[in-house]
Amino acid sequence: MSKRKTTLEIQALKEQGQKITMLTAYDYPMAKLMDDEGVDMILVGDSVGSVIAGYDNTLPVTMEEMLYHTRAVVRGTQQALVIADMPFLSYQVDPVEARRNAGQLIKEGGAAAVKLEGGEHVAHTIADIVAMDIPVVGHIGLTPQSIHRMGGYKVQGRQGAQAKQLMKDARAVADAGAFCLVLEAIPAPLAQQITRTVGIPTIGIGAGPDCSGQVLVIHDILGLCDKYAPKFVKRYADLAAPIREAVGSYLSEVRDGSFPTEDHSFQ
Ligand code: KIV
C-alpha cells in the first residue's frame, strides 16, 4: 500500500543530496496523473487565481476557493505531500485568523502543510502556525501577493541590500520552524548561498540549479497557459495544440452529423 510522503522524508531527501520535485495542481485528474508519476510534493498554489480562474493576479483568491481546490487535489493523490497556499488576507491581518485559516486548510482541505509568502515580517505568523503542529512552507523572493509593492513580477535580490535582506528573510523563516522554503525569481548564486546556509530544503522557481528541489506551475510546463511565460519556465509539452484539434474535430462532426453514430447511441 502506498503511503504519503512526510515532511521528515522531504528533509531526508535534502540530507541525502537527492533533488526534491514539486509541481502545482488544482484539480483531481491532474493531481492523480502527477501523483502516479511519483512527484514528491504537490502545491495547490494561489496561482489557481491566474491559471484557472483567469484573474490578473493572485490577490482575489479566497479561502473558499483554496479549500475547494485543495480537497480535489487531495482526493486525487495517494503518495505526494499536498501543500495548500494561504491566500492574500488569510494570514496578514490577524494572528488568530491566520491560525484558524491554516487549520482549516488542514482540517477541511486535507492538506498536510500550508505555504505563506514573506520573510522576517511573517516569521511570527509562521511560528504561531508551526506551534499548532501544522507544517509550514515559506516563500521569499518574488512573492506574487506583493505585486503592488514590487511594481510587477521582477527578479528580486539583484542589489546588495536586497540580497542581504533575502538572506535575513530565509534565516528568519527557517528559525520560525518552516520545514521548507520556496525561492522565487532570485539570482542563482544567492539561492545557492541561502541553500547552503539554512538547514531546511529550498525549492527553486527561477532560482537556478543549486536549490534542494524545483517547482513549476503545471499549466506552464504543459503549454496550457496563454499568458506571458517567465524565462524560468521550461515547456515540456504543447498540449494546447492537441486540445484545439480534438475540440475542432468534435465541432465539425457534430455540425456535419458524423457524430454521434450508432456506436454512441442506445437502441
Ligand atoms: O502559487 C503558486 O503556484 C506558487 C508557486 C509558483 C511557487 O506559489
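Parameters at a glance
- Residues numbered from 1 in each chain as written.
- Predicted model: local features only at pLDDT ≥ 70, side-chain atom pairs only at ≥ 80, totals over all residues.
- Heavy atoms only, no water.
- Salt bridge = Lys/Arg side-chain N within 4 Å of Asp/Glu carboxyl O.
- Helix = DSSP H or I, 4+ residues; strand = E, 2+ residues; numbered from the N terminus.
- Buried < 20%, exposed > 50% of the residue type's maximum accessible area, 1.4 Å probe, protein only.
- Patch = residues over 30% accessible without salt bridge, like charges linked within 9 Å, V, L, I, M, F, W, Y side chains within 5 Å.
- Areas by Shrake-Rupley, 256 points an atom, 1.4 Å probe, with all protein chains shown as cover.
- Pairing = 2+ DSSP bridges.
- Axes fitted to C-alpha atoms, helices over the stretch in contact; angles between N-to-C directions.

### Remarks on the pattern of salt bridges
Two side chains with opposite charge may pair up if their charged atoms get near one another.
In step 1: Per the counting criterion, the structure on display carries 5 salt bridges.
In step 2: Here Lys32 ties to Asp36 by a salt bridge, and the two come within 3.7 Å at their closest N and O atoms. Placement of both Lys32 and Asp36 in helix α2 (residues 28-36) is noted, with a separation of 4 residues, approximately one turn of the helix.
In step 3: The class of Lys32 is partly exposed, set by a relative accessible area of 35%.
In step 4: Judged by relative accessible area, Asp36 falls into the exposed class, the value being 53%.

### With respect to unusual backbone geometry
Glycine aside, the phi torsion of most residues is negative, and most peptide linkages are trans.
In step 1: Looking along the chain, the bond that leaves Phe259 and enters Pro260 is cis, with omega of 0°.
In step 2: With respect to the element layout, Pro260 can be found in the segment after α11 (240-256).
In step 3: Notably, Leu89 is not glycine yet its phi reads approximately 80°, a positive angle.
In step 4: By secondary structure assignment, the location of Leu89 is in the loop between β3 (81-85) and α5 (95-107).

### Thoughts on a nonpolar patch on the surface
In step 1: Together, Leu239, Ile243, Val247, Tyr250, Leu251 and Val254 give the surface a local cluster of nonpolar side chains, amounting to about 490 Å² of exposed area.
In step 2: Along the chain, Leu251 turns up in helix α11.

### Quick look at the pairing of strand β1 (residues 20-24)
In step 1: Most of β1 sits out of view: 4 of its 5 residues are buried.
In step 2: Taken together, the 4 bridges between β1 and strand β8 (residues 213-216) define a ladder with parallel strand orientation. Within β8, the residue paired with Met22 across the bridge is Val215.
In step 3: With 3 bridges connecting them, β1 and strand β2 (residues 41-44) associate as parallel partners.

### Examining the sheet that holds strand β4 (residues 113-117)
In step 1: Taken in spatial order, the 8 strands of this closed barrel run β1-β2-β3-β4-β5-β6-β7-β8, and their pairing is parallel. In this sheet, adjacent strand axes meet at a mean angle of 25° when their direction is disregarded.
In step 2: Pairing analysis gives 4 bridges linking β4 to strand β5 (residues 136-141), with the strands arranged parallel. Bridge pairing in β5 links Val114 to Val136.

Geometric values such as these leave the question of function open.
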